[in-house]
Amino acid sequence: MKKFLALTLASLMLLTLAACGGKTDSGSDSGSGSGSGGDSGTFTPSKTVTWTCTSSAGGGSDIFSRKISEIMTNEGLVNGQTIVVSNETDGAGEIGRNKIATMKAGDADYNLLTFNSGDLMPMVQNTKNRAANFRILAIMAVDKQLLFSCPSSDSKTDYAKAGGDQTDFAAAIEAAKNGTFVVIGGSKGDDITTYNKLLAEVGLDDTQMSYITYDSTSDAITAALGGNVDFVISKPAAASQYVESGDLTPVLALSTERYAGNLADAPTLSEIGDYEDVEVPVWRGVAGPASMSDSAVAFWSDALGKVAGTEAWHKEYLETNQLLDQYMDTASATTYVTEYEADYMAENGIS
(Lines give C-alpha, C1' and ligand atoms only; values in the text may rest on other atoms or scores of the structure.)
Protein backbone atom coordinates (compact mmCIF):
# COMPACT_ATOMS: atom_id res chain seq x y z
CA MET A 1 0.00 0.00 0.00
CA LYS A 2 2.86 2.38 0.88
CA LYS A 3 4.51 1.65 -2.49
CA PHE A 4 1.22 2.37 -4.29
CA LEU A 5 0.79 5.71 -2.47
CA ALA A 6 4.38 6.67 -3.26
CA LEU A 7 3.88 5.93 -6.94
CA THR A 8 0.62 7.90 -6.98
CA LEU A 9 2.28 10.92 -5.36
CA ALA A 10 5.17 10.71 -7.80
CA SER A 11 2.75 10.67 -10.74
CA LEU A 12 0.92 13.72 -9.38
CA MET A 13 4.23 15.56 -8.98
CA LEU A 14 5.21 14.81 -12.58
CA LEU A 15 1.82 16.06 -13.84
CA THR A 16 2.26 19.23 -11.82
CA LEU A 17 5.75 19.79 -13.23
CA ALA A 18 4.49 19.30 -16.76
CA ALA A 19 1.72 21.84 -16.21
CA CYS A 20 4.29 24.33 -14.91
CA GLY A 21 6.49 24.28 -17.98
CA GLY A 22 8.08 20.82 -18.09
CA LYS A 23 11.14 21.53 -15.91
CA THR A 24 12.98 18.78 -14.07
CA ASP A 25 14.62 19.28 -10.69
CA SER A 26 17.89 20.10 -12.41
CA GLY A 27 16.29 22.97 -14.25
CA SER A 28 16.81 21.53 -17.73
CA ASP A 29 14.00 21.16 -20.24
CA SER A 30 12.51 17.67 -20.11
CA GLY A 31 12.02 17.86 -23.86
CA SER A 32 15.51 19.12 -24.77
CA GLY A 33 16.82 18.11 -28.20
CA SER A 34 20.23 16.95 -26.99
CA GLY A 35 19.31 13.30 -27.36
CA SER A 36 21.18 12.50 -24.15
CA GLY A 37 18.20 10.96 -22.40
CA GLY A 38 19.30 12.66 -19.18
CA ASP A 39 20.92 11.05 -16.18
CA SER A 40 17.59 9.58 -15.06
CA GLY A 41 17.01 7.73 -18.33
CA THR A 42 18.91 5.79 -20.94
CA PHE A 43 21.04 7.05 -23.79
CA THR A 44 21.00 5.75 -27.35
CA PRO A 45 22.82 7.62 -30.11
CA SER A 46 20.42 9.31 -32.52
CA LYS A 47 22.86 11.47 -34.53
CA THR A 48 26.46 11.54 -35.74
CA VAL A 49 29.16 10.94 -33.13
CA THR A 50 32.42 12.91 -33.32
CA TRP A 51 35.58 11.15 -32.14
CA THR A 52 38.48 13.55 -31.51
CA CYS A 53 42.00 12.17 -31.94
CA THR A 54 44.76 14.62 -31.05
CA SER A 55 47.29 12.86 -33.29
CA SER A 56 47.74 12.90 -37.04
CA ALA A 57 46.18 10.37 -39.38
CA GLY A 58 48.17 7.15 -39.65
CA GLY A 59 49.68 7.26 -36.17
CA GLY A 60 49.04 4.76 -33.38
CA SER A 61 46.29 6.83 -31.74
CA ASP A 62 44.56 7.32 -35.08
CA ILE A 63 44.67 3.59 -35.85
CA PHE A 64 43.27 2.89 -32.37
CA SER A 65 40.42 5.39 -32.82
CA ARG A 66 39.44 4.21 -36.28
CA LYS A 67 39.55 0.50 -35.42
CA ILE A 68 37.20 0.96 -32.47
CA SER A 69 34.90 3.14 -34.59
CA GLU A 70 34.88 0.49 -37.31
CA ILE A 71 34.06 -2.31 -34.88
CA MET A 72 31.32 -0.28 -33.19
CA THR A 73 29.72 0.36 -36.57
CA ASN A 74 30.10 -3.19 -37.87
CA GLU A 75 28.78 -4.72 -34.64
CA GLY A 76 25.71 -2.43 -34.58
CA LEU A 77 26.69 -0.83 -31.28
CA VAL A 78 25.80 2.78 -32.16
CA ASN A 79 22.21 2.44 -33.35
CA GLY A 80 23.18 2.83 -37.00
CA GLN A 81 24.78 6.23 -36.46
CA THR A 82 27.99 7.44 -38.10
CA ILE A 83 31.22 7.97 -36.12
CA VAL A 84 33.46 10.65 -37.60
CA VAL A 85 37.11 10.66 -36.47
CA SER A 86 38.49 14.20 -36.31
CA ASN A 87 42.29 14.59 -36.12
CA GLU A 88 43.04 17.77 -34.18
CA THR A 89 46.76 18.31 -33.60
CA ASP A 90 46.95 22.08 -33.03
CA GLY A 91 48.93 23.04 -29.96
CA ALA A 92 50.38 19.53 -29.79
CA GLY A 93 46.83 18.28 -29.31
CA GLU A 94 46.03 20.50 -26.32
CA ILE A 95 43.45 22.55 -28.23
CA GLY A 96 41.50 19.42 -29.12
CA ARG A 97 41.69 18.06 -25.58
CA ASN A 98 40.59 21.40 -24.13
CA LYS A 99 37.66 21.53 -26.55
CA ILE A 100 36.41 18.22 -25.20
CA ALA A 101 37.11 19.15 -21.56
CA THR A 102 35.08 22.36 -21.78
CA MET A 103 32.25 21.14 -24.02
CA LYS A 104 28.72 22.08 -22.97
CA ALA A 105 26.24 19.42 -21.97
CA GLY A 106 24.14 19.65 -25.14
CA ASP A 107 26.83 18.06 -27.33
CA ALA A 108 28.81 16.16 -24.71
CA ASP A 109 27.07 12.81 -25.14
CA TYR A 110 28.06 12.69 -28.81
CA ASN A 111 31.75 13.46 -28.43
CA LEU A 112 34.51 10.96 -27.68
CA LEU A 113 38.23 11.52 -27.19
CA THR A 114 41.19 9.21 -27.60
CA PHE A 115 43.00 9.64 -24.29
CA ASN A 116 46.29 7.87 -23.57
CA SER A 117 49.05 8.19 -21.01
CA GLY A 118 50.99 9.93 -23.77
CA ASP A 119 48.26 12.59 -23.89
CA LEU A 120 48.03 12.96 -20.13
CA MET A 121 51.76 13.55 -19.56
CA PRO A 122 52.13 16.78 -21.57
CA MET A 123 48.63 17.91 -20.59
CA VAL A 124 49.40 18.05 -16.87
CA GLN A 125 52.81 19.59 -17.57
CA ASN A 126 51.59 22.35 -19.86
CA THR A 127 47.94 23.07 -19.06
CA LYS A 128 45.48 23.27 -16.17
CA ASN A 129 43.44 20.35 -17.51
CA ARG A 130 43.46 17.17 -15.46
CA ALA A 131 41.80 13.76 -15.70
CA ALA A 132 38.93 15.18 -13.63
CA ASN A 133 38.08 17.47 -16.57
CA PHE A 134 36.96 14.40 -18.53
CA ARG A 135 34.75 11.36 -18.06
CA ILE A 136 37.10 8.38 -18.38
CA LEU A 137 35.05 5.83 -20.29
CA ALA A 138 37.42 2.88 -20.66
CA ILE A 139 40.97 1.68 -20.98
CA MET A 140 41.30 -0.73 -23.89
CA ALA A 141 44.92 -1.89 -24.14
CA VAL A 142 48.55 -1.35 -23.15
CA ASP A 143 51.17 -0.52 -25.77
CA LYS A 144 54.98 -0.33 -25.85
CA GLN A 145 57.58 1.08 -28.23
CA LEU A 146 60.53 0.13 -30.40
CA LEU A 147 63.26 2.01 -32.23
CA PHE A 148 63.24 1.69 -36.01
CA SER A 149 65.62 2.87 -38.71
CA CYS A 150 65.43 3.37 -42.45
CA PRO A 151 68.86 2.33 -43.80
CA SER A 152 67.80 2.82 -47.43
CA SER A 153 66.99 6.53 -46.97
CA ASP A 154 69.22 9.32 -48.26
CA SER A 155 72.08 10.08 -45.87
CA LYS A 156 71.24 13.50 -44.44
CA THR A 157 72.28 13.13 -40.79
CA ASP A 158 75.77 13.32 -39.31
CA TYR A 159 75.61 9.71 -38.18
CA ALA A 160 74.54 8.43 -41.59
CA LYS A 161 77.12 10.55 -43.43
CA ALA A 162 79.82 9.19 -41.12
CA GLY A 163 78.92 5.68 -42.26
CA GLY A 164 77.09 4.75 -39.05
CA ASP A 165 75.32 1.40 -39.01
CA GLN A 166 71.62 2.25 -38.80
CA THR A 167 70.71 -1.35 -38.06
CA ASP A 168 72.86 -1.47 -34.90
CA PHE A 169 71.84 0.79 -32.02
CA ALA A 170 74.84 -0.29 -29.96
CA ALA A 171 77.02 1.25 -32.69
CA ALA A 172 74.97 4.44 -32.55
CA ILE A 173 75.49 4.68 -28.78
CA GLU A 174 79.25 4.36 -29.18
CA ALA A 175 79.30 6.85 -32.05
CA ALA A 176 77.39 9.40 -29.95
CA LYS A 177 79.83 8.90 -27.06
CA ASN A 178 82.71 9.52 -29.48
CA GLY A 179 81.31 12.79 -30.80
CA THR A 180 79.07 11.86 -33.75
CA PHE A 181 75.66 13.51 -33.47
CA VAL A 182 72.73 11.01 -33.55
CA VAL A 183 69.10 12.04 -34.06
CA ILE A 184 65.96 10.25 -32.86
CA GLY A 185 62.48 11.29 -33.98
CA GLY A 186 59.17 10.55 -32.33
CA SER A 187 55.84 11.81 -31.12
CA LYS A 188 54.91 13.54 -27.87
CA GLY A 189 54.29 12.43 -24.31
CA ASP A 190 55.32 8.83 -23.69
CA ASP A 191 57.77 8.83 -26.63
CA ILE A 192 59.67 11.74 -25.08
CA THR A 193 59.60 10.04 -21.69
CA THR A 194 60.96 6.85 -23.27
CA TYR A 195 63.73 8.79 -25.03
CA ASN A 196 64.74 10.46 -21.76
CA LYS A 197 64.86 7.13 -19.93
CA LEU A 198 66.88 5.62 -22.76
CA LEU A 199 69.45 8.42 -22.67
CA ALA A 200 69.78 8.23 -18.89
CA GLU A 201 70.37 4.48 -19.06
CA VAL A 202 73.05 4.60 -21.78
CA GLY A 203 74.82 7.62 -20.28
CA LEU A 204 74.19 10.18 -23.02
CA ASP A 205 72.63 13.64 -23.10
CA ASP A 206 70.65 15.53 -25.72
CA THR A 207 73.75 17.23 -27.13
CA GLN A 208 75.00 13.80 -28.18
CA MET A 209 71.76 12.05 -29.12
CA SER A 210 68.97 14.55 -29.74
CA TYR A 211 65.20 14.20 -30.09
CA ILE A 212 62.92 15.86 -32.65
CA THR A 213 59.24 16.02 -31.66
CA TYR A 214 56.57 15.48 -34.34
CA ASP A 215 52.79 15.82 -34.14
CA SER A 216 52.38 12.07 -34.53
CA THR A 217 54.35 8.89 -35.02
CA SER A 218 53.36 8.86 -38.69
CA ASP A 219 55.04 12.25 -39.15
CA ALA A 220 58.17 10.96 -37.41
CA ILE A 221 58.21 7.89 -39.66
CA THR A 222 57.94 10.14 -42.70
CA ALA A 223 61.02 12.00 -41.44
CA ALA A 224 62.87 8.69 -41.07
CA LEU A 225 61.91 7.64 -44.60
CA GLY A 226 63.27 10.96 -45.83
CA GLY A 227 66.58 10.47 -44.06
CA ASN A 228 66.04 13.35 -41.65
CA VAL A 229 66.46 11.26 -38.47
CA ASP A 230 68.61 8.22 -37.71
CA PHE A 231 66.05 6.35 -35.62
CA VAL A 232 62.35 6.74 -34.91
CA ILE A 233 60.39 5.70 -31.81
CA SER A 234 57.12 3.99 -32.70
CA LYS A 235 54.60 1.53 -31.39
CA PRO A 236 54.10 -1.56 -33.54
CA ALA A 237 50.74 -0.37 -34.90
CA ALA A 238 52.10 2.67 -36.72
CA ALA A 239 55.28 0.97 -37.99
CA SER A 240 54.15 -2.54 -38.92
CA GLN A 241 53.17 -1.73 -42.53
CA TYR A 242 56.59 -0.16 -43.12
CA VAL A 243 58.34 -3.19 -41.65
CA GLU A 244 56.29 -5.44 -43.94
CA SER A 245 57.27 -3.33 -46.96
CA GLY A 246 60.93 -3.34 -45.94
CA ASP A 247 61.12 0.44 -45.47
CA LEU A 248 61.73 0.32 -41.70
CA THR A 249 63.99 -1.99 -39.74
CA PRO A 250 63.28 -2.69 -36.04
CA VAL A 251 66.57 -2.19 -34.17
CA LEU A 252 65.69 -2.00 -30.45
CA ALA A 253 62.77 -3.30 -28.39
CA LEU A 254 61.95 -0.74 -25.72
CA SER A 255 60.58 -3.44 -23.50
CA THR A 256 61.71 -6.03 -20.99
CA GLU A 257 61.36 -8.75 -23.61
CA ARG A 258 61.49 -9.09 -27.37
CA TYR A 259 58.45 -8.72 -29.57
CA ALA A 260 57.20 -11.50 -31.80
CA GLY A 261 56.56 -11.82 -35.53
CA ASN A 262 58.33 -9.41 -37.86
CA LEU A 263 59.67 -7.46 -34.85
CA ALA A 264 61.42 -10.43 -33.25
CA ASP A 265 64.89 -9.50 -34.52
CA ALA A 266 64.99 -6.30 -32.44
CA PRO A 267 67.01 -6.94 -29.24
CA THR A 268 66.23 -5.38 -25.88
CA LEU A 269 68.64 -2.82 -24.41
CA SER A 270 70.13 -5.36 -21.99
CA GLU A 271 71.05 -7.55 -24.96
CA ILE A 272 73.24 -4.93 -26.64
CA GLY A 273 75.28 -3.78 -23.65
CA ASP A 274 75.62 -3.58 -19.90
CA TYR A 275 72.30 -1.78 -19.49
CA GLU A 276 68.95 -2.28 -17.84
CA ASP A 277 65.98 -2.66 -20.18
CA VAL A 278 63.95 0.51 -20.71
CA GLU A 279 60.20 0.58 -21.22
CA VAL A 280 57.34 3.04 -20.75
CA PRO A 281 54.05 1.12 -21.07
CA VAL A 282 51.32 3.22 -22.65
CA TRP A 283 47.71 2.71 -21.66
CA ARG A 284 45.26 3.49 -24.45
CA GLY A 285 41.87 4.76 -23.41
CA VAL A 286 38.74 6.66 -24.38
CA ALA A 287 37.24 9.67 -22.59
CA GLY A 288 34.34 12.06 -22.94
CA PRO A 289 33.64 15.63 -21.83
CA ALA A 290 33.19 16.29 -18.12
CA SER A 291 29.61 17.34 -18.90
CA MET A 292 28.71 13.97 -20.46
CA SER A 293 25.58 12.55 -18.81
CA ASP A 294 25.80 9.50 -16.57
CA SER A 295 23.53 7.59 -18.95
CA ALA A 296 25.84 8.31 -21.90
CA VAL A 297 28.88 7.35 -19.83
CA ALA A 298 27.21 4.02 -19.06
CA PHE A 299 26.32 3.50 -22.73
CA TRP A 300 29.81 4.22 -24.07
CA SER A 301 31.56 2.21 -21.37
CA ASP A 302 29.33 -0.76 -22.17
CA ALA A 303 29.85 -0.35 -25.93
CA LEU A 304 33.62 -0.20 -25.50
CA GLY A 305 33.46 -3.31 -23.35
CA LYS A 306 31.62 -5.08 -26.15
CA VAL A 307 34.29 -3.95 -28.61
CA ALA A 308 36.97 -5.37 -26.30
CA GLY A 309 35.20 -8.73 -26.41
CA THR A 310 35.06 -9.05 -30.20
CA GLU A 311 37.24 -11.29 -32.29
CA ALA A 312 38.00 -8.35 -34.57
CA TRP A 313 39.50 -6.40 -31.67
CA HIS A 314 41.70 -9.29 -30.59
CA LYS A 315 42.74 -10.51 -34.03
CA GLU A 316 42.84 -7.30 -36.08
CA TYR A 317 44.11 -4.91 -33.44
CA LEU A 318 45.70 -6.49 -30.35
CA GLU A 319 47.42 -9.43 -32.05
CA THR A 320 48.28 -7.62 -35.27
CA ASN A 321 49.85 -4.70 -33.42
CA GLN A 322 51.21 -6.69 -30.47
CA LEU A 323 49.40 -4.87 -27.67
CA LEU A 324 48.41 -6.24 -24.28
CA ASP A 325 44.70 -6.79 -23.63
CA GLN A 326 43.74 -4.46 -20.76
CA TYR A 327 40.04 -3.52 -20.81
CA MET A 328 38.75 -1.52 -17.83
CA ASP A 329 35.23 -0.13 -17.57
CA THR A 330 34.52 3.47 -16.61
CA ALA A 331 34.74 2.92 -12.86
CA SER A 332 38.00 0.96 -12.91
CA ALA A 333 39.52 3.15 -15.63
CA THR A 334 38.70 6.36 -13.73
CA THR A 335 40.39 5.04 -10.60
CA TYR A 336 43.41 3.83 -12.57
CA VAL A 337 43.90 7.06 -14.54
CA THR A 338 43.42 9.22 -11.44
CA GLU A 339 46.08 7.28 -9.55
CA TYR A 340 48.40 7.27 -12.59
CA GLU A 341 48.06 11.04 -12.88
CA ALA A 342 48.73 11.60 -9.17
CA ASP A 343 51.85 9.41 -9.30
CA TYR A 344 53.15 11.08 -12.46
CA MET A 345 52.60 14.57 -11.07
CA ALA A 346 54.32 13.67 -7.80
CA GLU A 347 57.30 12.17 -9.62
CA ASN A 348 57.68 15.30 -11.72
CA GLY A 349 57.00 17.88 -9.02
CA ILE A 350 53.76 19.11 -10.59
CA SER A 351 51.24 20.64 -8.20
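Residues numbered from 1 in each chain as written. Predicted model: local features only at pLDDT ≥ 70, side-chain atom pairs only at ≥ 80, totals over all residues. Heavy atoms only, no water.

Caption draft 1: Structural context of the overall build of the chain. On a plain count of helices and strands, the chain comes out with 13 helices and eleven strands. Counting across all 351 residues of the chain, residues that qualify as buried make up 50%. In the chain, the proportion of contacts linking residues at least 24 apart, taken out of those at least 6 apart, comes to 76%. Carbon and sulfur atoms provide 50% of the accessible area of the chain, an area that totals close to 15,600 Å². (Helix = DSSP H or I, 4+ residues; strand = E, 2+ residues; numbered from the N terminus. Buried < 20%, exposed > 50% of the residue type's maximum accessible area, 1.4 Å probe, protein only. Contact = heavy atoms within 4.5 Å. Areas by Shrake-Rupley, 256 points an atom, 1.4 Å probe, with all protein chains shown as cover.)

Caption draft 2: Seen up close, the nonpolar core. Judged by nonpolar contacts, the single largest core of 34 residues is most densely connected at Ile68, Met72, Met140, Val286, Trp300 and Trp313. Examining the composition of this core, we find that eight residues originate from one element, helix H11 (residues 294-308), more than from any other. Formed by 24 residues, the second largest nonpolar core is a distinct cluster that contains Val182, Tyr195, Val202 and Leu269. (Core = buried A, V, L, I, M, F, W, Y, C linked by side-chain atoms within 4.5 Å.)

Caption draft 3: How the structure looks around the packing of helix H2 (residues 60-74) against helix H12 (residues 311-321). Between H2 and H12, the shortest axis-to-axis distance is 11 Å and the interhelical angle comes to 155°. The orientation of H2 relative to H12 falls into the category roughly antiparallel. In this structure, the crossing between H2 and H12 has a hand that is right-handed. Here H2 contributes Gly60, Ile63, Phe64, Lys67, Ile68, Glu70 and Ile71 to the contact with H12, which in turn contributes Ala312, Trp313, Glu316 and Tyr317. (Axes fitted to C-alpha atoms, helices over the stretch in contact; angles between N-to-C directions. Parallel < 35°, antiparallel > 145°, perpendicular 65-115°, else oblique. Left-handed = near helix turned anticlockwise from the far one by under 90°.)

Caption draft 4: Structural context of unusual backbone geometry. The backbone phi angle of alanine 92 is positive, close to 55°, even though this residue is not glycine. Looking at the element boundaries, alanine 92 is found in the loop between strand E2 (83-87) and helix H3 (94-101). Of note in the backbone geometry, glutamine 322 takes a positive phi value of approximately 55° without being a glycine. Here glutamine 322 lies in the loop between H12 and strand E11 (324-328). Given the relative accessible area of 23%, glutamine 322 is considered partly exposed.

Caption draft 5: Layout of empty space enclosed by the protein. In total, this model carries one cavity of 30 Å³ or more according to the counting rule given. Residue lining of the largest cavity: 19 residues in total, with Ser61, Asp119, Ser187, Asp190 and Lys235 positioned closest to the centre. Contributions of two or more residues to the lining of the largest cavity are made by H2, helix H5 (117-126), helix H8 (190-202) and strand E10 (282-289). For the lining of the largest cavity, the per-class residue count stands at one nonpolar, eleven polar and seven charged. (1 Å grid on protein atoms, 1.4 Å probe; cavity = no way out; pocket = protein on both sides within 12 Å on 5 of 7 lines; lining within 4 Å. Points joined across faces, edges and corners; volume = space filled by probe spheres on them. Nonpolar A, V, L, I, M, F, W, Y, C, P; charged D, E, K, R; others polar.)

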